[in-house]
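Listed below are the residues making up each chain.
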Amino acid sequence: MNITFRGVELRVEGHHTKGSMGDWNNESVSDTFEIWEVLAGDVNITSLLDMEQIEALERVIIGQL
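Every value quoted in this text rests on a predicted model; they were computed, and no experiment measured them. (Residues numbered from 1 in each chain as written. Predicted model: local features only at pLDDT ≥ 70, side-chain atom pairs only at ≥ 80, totals over all residues. Heavy atoms only, no water.)

Another point: the side chain of Thr46. Positionally, Thr46 belongs in the loop between strand S4 (43-44) and helix H1 (51-64). A distance of 2.7 Å separates the side chain of Thr46 from the backbone nitrogen of Val38, its partner in a polar contact. Every residue in contact with Thr46, bar those within four places of it in the chain, is listed here: Trp36, Glu37 and Val38. (Helix = DSSP H or I, 4+ residues; strand = E, 2+ residues; numbered from the N terminus. Polar contact = N/O pair within 3.5 Å; in protein donor to acceptor, adjacent residues only side chain to side chain. Contact = heavy atoms within 4.5 Å.)

In structure tokens, the structure reads:
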């Protein structure tokens, strides 16, 4: 998925899991996105990001799905 994050165009690869509505027997489950790789142009910058930045990217992606 291509996104703009803090003014930088990024290509983010990962896995989206669709959430579900709860009922009497099961709790609601939110959508999740697990990031595998973050590219700026052709450069893999995943290891340069800390967990807080990764989680922020995941929230932005979930908001766009």
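So that's the structure; there's more coming.
Now for the pairing of strand S3 (residues 32-40). For strand S2 (residues 8-17) and S3, the ladder comprises 7 bridges, and the chain directions are antiparallel. Its bridge partner being in S3, Arg11 is matched across the sheet by Leu39. The pairing of S3 with S4 spans 2 bridges and is classified as antiparallel. The residue bridging Ala40 from the neighbouring strand is Val43, located in S4. Connecting S3 to the next strand, S4, in antiparallel fashion are 2 residues, including Gly41 with a positive phi near 70 degrees. (Pairing = 2+ DSSP bridges.)

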